[in-house]
Amino acid sequence: MRKLEENMNTNFVVNIGRQLGSGGRQIGQLLAERLAISFYDKELITLAAKQSGLQEEVFERPDEKSRYTLTGGLLGLKGPALDMGFSRNYLWNELLFKIQSDVIRELGHEKSCIFVGRCADYILREHPRALNLFINADLDDRVKRVITNYKLTSKEKATDLIERMDKRRAGYYNYYSNKKWGAAESYHLCINSSVLGIEGTVDFIEGFVKQKFQLQ
Amino acid sequence: MKFTSNPTELGQEKVGKLLLRYALPSIIAMTASSIYHITDSIFIGHGVGALALSGLAITFPLMNLAAAFGSLVGAGAATLLSIRLGQKDYDSANTILGNALTLNVLIGLSFSVLSFIFLDPILYFFGASGVTLPYARDFMEIILLGNVITHIYFGLNAMLRSSGRPEKSMFATVATMVINLILNPLFIFGFQWGIKGSAWATVISQTVMLVWQLKFFSNKSGFIYLQKKTLKLQKKIVTDALSIGMSPFLMNAVSCLIVIVINQGLLRTGGDLAVGAYGIVNRIAYLFVMVVLGLNQGMQPIAGYNFGARLYKRVNEVLKITTILATGVTTFGFLFANLFPEAFASMFTNDKELIDLSVNGLRIVFLSYPIIGFQMVTANFFQSIGMVGKAIFMSLSRQLLFLLPCLLIFPRIWGIDGVWYSMPASDLISSIVAAILLVQHFRQFKHKEQEEENVTKEYREQIELQPNAKEG
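Keep in mind it's a predicted model, so treat the numbers as computed, not measured. (Residues numbered from 1 in each chain as written. Chains lettered and ligands numbered in written order. Predicted model: local features only at pLDDT ≥ 70, side-chain atom pairs only at ≥ 80, totals over all residues.)

Side note on the overall build of chain A
Okay, so step 1: Summing up its helical and strand segments, chain A has 11 helices and five strands in all.
Okay, so step 2: Split into buried and exposed, the 216 residues of chain A put 44% on the buried side.
Okay, so step 3: Residue pairs at least 24 apart in sequence account for 69% of intrachain contacts in chain A once pairs closer than 6 positions are excluded. (Helix = DSSP H or I, 4+ residues; strand = E, 2+ residues; numbered from the N terminus. Buried ≥ 20, exposed ≤ 12 C-beta atoms within 10 Å, placed from the backbone. Contact = placed C-beta atoms within 7 Å.)

Section: the overall build of chain B
Okay, so step 1: Helices and strands together make up the secondary structure of chain B, namely 17 helices and zero strands.
Okay, so step 2: Viewed in the frame of its principal axes, chain B has a C-alpha envelope of about 70 × 55 × 35 Å.
Okay, so step 3: Counting every position in chain B, which comprises 472 residues, the buried fraction comes to 55%.
Okay, so step 4: At a minimum sequence separation of 6, the contacts of chain B that also span at least 24 residues come to 81%.

Section: the sheet that holds strand E3 (residues 113-116) of chain A
Residues and elements named next belong to chain A.
Okay, so step 1: Pairing is parallel in the open sheet, where five strands are placed in the order E2-E3-E1-E4-E5. Pairing within the sheet leaves two strands with one partner each, and these edge strands are strand E2 (38-40) and strand E5 (189-192). Looking at each pair of strands side by side, their axes are set apart by 20 degrees on average, direction ignored.
Okay, so step 2: In this structure, strand E1 (residues 13-18) lies alongside strand E4 (residues 130-136), joined through six bridges in parallel fashion. (Pairing = 2+ DSSP bridges. Axes fitted to C-alpha atoms, helices over the stretch in contact; angles between N-to-C directions.)

Observations concerning helix H2 (residues 24-35) of chain A
All names here are of chain A.
Okay, so step 1: Under the 1.5 Å per step criterion, the end-to-end length of H2 is 16 Å for 12 residues, consistent within 8% with the ideal 16 Å.
Okay, so step 2: Of the residues making up H2, those classed as buried are Gly24, Ile27, Gly28, Leu30, Leu31 and Leu35. Down the axis of H2, the sector holding all buried residues measures 170 degrees, keeping them to one side.
Okay, so step 3: Check the buried side of H2 and you find it contacts E1, E2, E3, E4 and helix H11 (193-213).
Okay, so step 4: Once H2 ends, the next one or two residues include Ala36, with phi positive near 55 degrees. (Expected span 1.5 Å × (residues − 1). Arc of directions from axis to C-beta.)

Re the environment of Tyr40 of chain A
All names here are of chain A.
Okay, so step 1: As for its placement among the helices and strands, Tyr40 is situated in strand E2.
Okay, so step 2: Placed 77 residues apart in sequence, Tyr40 and Gly117 show a C-alpha to C-alpha distance of 9.2 Å.
Okay, so step 3: Filtering out sequence-adjacent residues up to four positions away, Tyr40 remains in contact with Leu107, Cys113, Ile114 and Phe115.

Overview of unusual backbone geometry
Okay, so step 1: In this structure, Cys119 of chain A is a non-glycine residue whose phi angle is positive, near 60 degrees.
Okay, so step 2: Checked against the element boundaries, Cys119 of chain A lands in the loop between E3 and helix H8 (120-123).
Okay, so step 3: Look at Cys119 of chain A and you get buried, because 27 C-beta atoms sit within 10 Å.
Okay, so step 4: One non-glycine residue, Arg310 of chain B, adopts positive backbone phi at about 60 degrees.

Some thoughts on the packing of helix H5 (residues 133-145) of chain B against helix H8 (residues 195-217) of chain B
Residues and elements named next belong to chain B.
Okay, so step 1: Remark: H5 packs on H8, axes separated minimally by 8 Å, with the N-to-C direction vectors making an angle of 20 degrees. Here H5 lies roughly parallel to H8, going by the angle between them. Relative to H8, H5 is oriented so that their crossing is right-handed. Contacts from Tyr135, Asp138, Phe139, Ile142 and Ile143 in H5 reach Ile195, Lys196, Ser198, Ala199, Trp200, Thr202 and Val203 in H8.
Okay, so step 2: In the contact of H5 with H8, the residues fall into eight nonpolar, two polar and two charged. (Parallel < 35°, antiparallel > 145°, perpendicular 65-115°, else oblique. Left-handed = near helix turned anticlockwise from the far one by under 90°. Nonpolar A, V, L, I, M, F, W, Y, C, P; charged D, E, K, R; others polar.)

Regarding the packing of helix H10 (residues 272-308) of chain B against helix H11 (residues 312-339) of chain B
All names here are of chain B.
Okay, so step 1: Axis separation between H10 and H11 bottoms out at 9 Å; the angle between their running directions is 180 degrees. Judged on the interaxial angle alone, H11 and H10 are roughly antiparallel. Contacts from Phe288, Val291, Val292, Leu295, Met299, Ile302, Ala303, Asn306 and Phe307 in H10 reach Arg314, Val315, Val318, Leu319, Thr322, Leu325, Ala326, Val329, Thr330 and Gly333 in H11.
Okay, so step 2: Class assignment of the residues belonging to the contact of H10 with H11 gives a composition of 14 nonpolar, four polar and one charged.

Some thoughts on the pairing of E4 of chain A
Residue and element names in this part refer to chain A.
Okay, so step 1: Counting buried residues along E4, seven of its seven residues qualify, which places the element largely inside the surrounding structure.
Okay, so step 2: Burial along E4 is two-sided: the face carrying Ala130, Asn132, Phe134 and Asn136 and the face carrying Leu131, Leu133 and Ile135 are both buried.
Okay, so step 3: Strand direction decides the pairing type here: E4 and E5, joined by four bridges, are parallel. Bridge assignment links Phe134 to a residue of E5, and that residue is Cys190.

Considering the confidence of the model for chain B
All names here are of chain B.
Okay, so step 1: Model confidence for chain B is summarised by a mean pLDDT of 89, while 93% of its residues fall at 70 or above.
Okay, so step 2: Across residues 1-5, where pLDDT falls below 50, the model places eight contacts with residues more than four positions away in sequence or in other chains.
Okay, so step 3: Contacts of residues 464-472 to residues separated by more than four positions or lying in other chains number five contacts, the stretch itself having pLDDT below 50.
Okay, so step 4: The ipTM, which scores confidence in the relative placement of chains, is 0.73 for this predicted complex, and the corresponding pTM is 0.83. (pLDDT = per-residue confidence, 0-100.)

Quick look at the pairing of E1 of chain A
Residue and element names in this part refer to chain A.
Okay, so step 1: The buried fraction of E1 is high, at six of six residues.
Okay, so step 2: Where E1 lies against E3, four bridges are found, and the strand directions are parallel. Directly across from Ile16, in E3, lies its bridge partner Val116.

If you want it as structure tokens, here you go:
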């Protein structure tokens, strides 16, 4: 336990929230390379699955897959009323969130790392050395990136996906944390990656992180 | 779905043992509340009279509706609370507790005021006649006076459960039952308060346990306790809680609607006493239904976890064991209702006509009970493994989609028996639908089961590789 506390005084964590197609994941990866610390995005799912004995796809469901198809398809109930409680299967998702947050907390207390998404900023809110960032980008840039990353065929499909994913991420974050997704007061730094480009944004954040944690 | 320790035990421990451990607390709580209602009816039936039982039956839908509004706040707030407690976020948890209390007071009060103003028209609509209305009104007036207390009591009990003190919540449930059991005969036979006495017994027993709950929640050494500053409503908490509570609310509202249609149908075809007979049949049927619901709650985490871990053999095992137990319970009900219906009915009343009506109702309503356990477990099974659409469809099919048309058509052809037969008919159709959906499900999963052996091996290795995962 003492060792852990010492760790937490020298270690630091950077939590990144991001819009779909903002380059947030890439920025996080580059930043981790430059600072020579660990990077966790989807890797968290693998760890959570290992820890709990559950399959990885179980964890992907709440934030990646549509939770509306089943109910919507069968009963034609798209309204929030019947959908909300049942299709999200709250109690079950609550357990999945608990398992993931245990993993995040363990890693965050063990070493310096960068987390992308999954409410890591809320989960690690008691961490003495944590920086919380949010990355957005201009819509055009996001659409372009999403088309390449997801191998989509049209702009419309990309815009559609962006809308849906942002909504889902906001829903997940606002539900599980006590803060608001994408709102300036929820983070220490919000930055539009279109302004400086990916590399430039990484440079900027690197300086910010180094100054805060007094790294050279 | 609570996991007290490492969730991996759900993938390793013997299925039967797990089911017993997870289901037993739910079964006890569910049975206690069912016995509560049964004893109420028994005292009213013997102490006040046969027509008073009809008056009581007319209040069921209104009581259901009150409970629906309670679950609108309670279910949502309890879920939010356990998320925050899981993150050791005690500040947010306390705010949720305070907000839930305020919401309960607001909704409870509004419900009372509105129901009070329109009490007579509401009761007439719910199946009252000039003869039974006074009983229903006498009972309801007192219940509505205490409605805010009822709301807070149930709300705080849900909070107790989700704050990791299920034993406290169970104690409160059982204690209310016992106090009610003592006060009911005292007020009805001792003080001759009639049906009002039973209502007072309910309100007082809940008040006593509410005081006990408040004492528990004002202990500042606990993790969460009531604070003045948390009472102010926060928009985010209110909308989150209400949107989670919406589906349990709607399910309860549906059951309220159905009871109204049943009451109206019985009043039209069989008169006031037929409504009272439904009161008796309903109380007894619920006792068995509640045990199955308790089993279902125990099955959920076990089926859910093993499905997520792809341990399909264990998923099938828990489904099989739960179905067998549930069918056993409901078949037991079927046998009793058909072998000794007079014994059941005369528990509640001495009135010959009411006994005859109830015996007829019991015989018919319980006809489908040997198969209904299967239907209920299957619906819950689909919910456990995340196929929620199917689960909602199946719950609604038995309680609304097939039942409502039957209730509207059958009585016109067969009179009072038509009302009774609607219930087993709807049970039968929805059980057939359940069987079809289940067979379909297993066909789809057959090929996946062949992967099972590899996955089981993989799973064992995973678990063994990280024996100290929970430490550190």
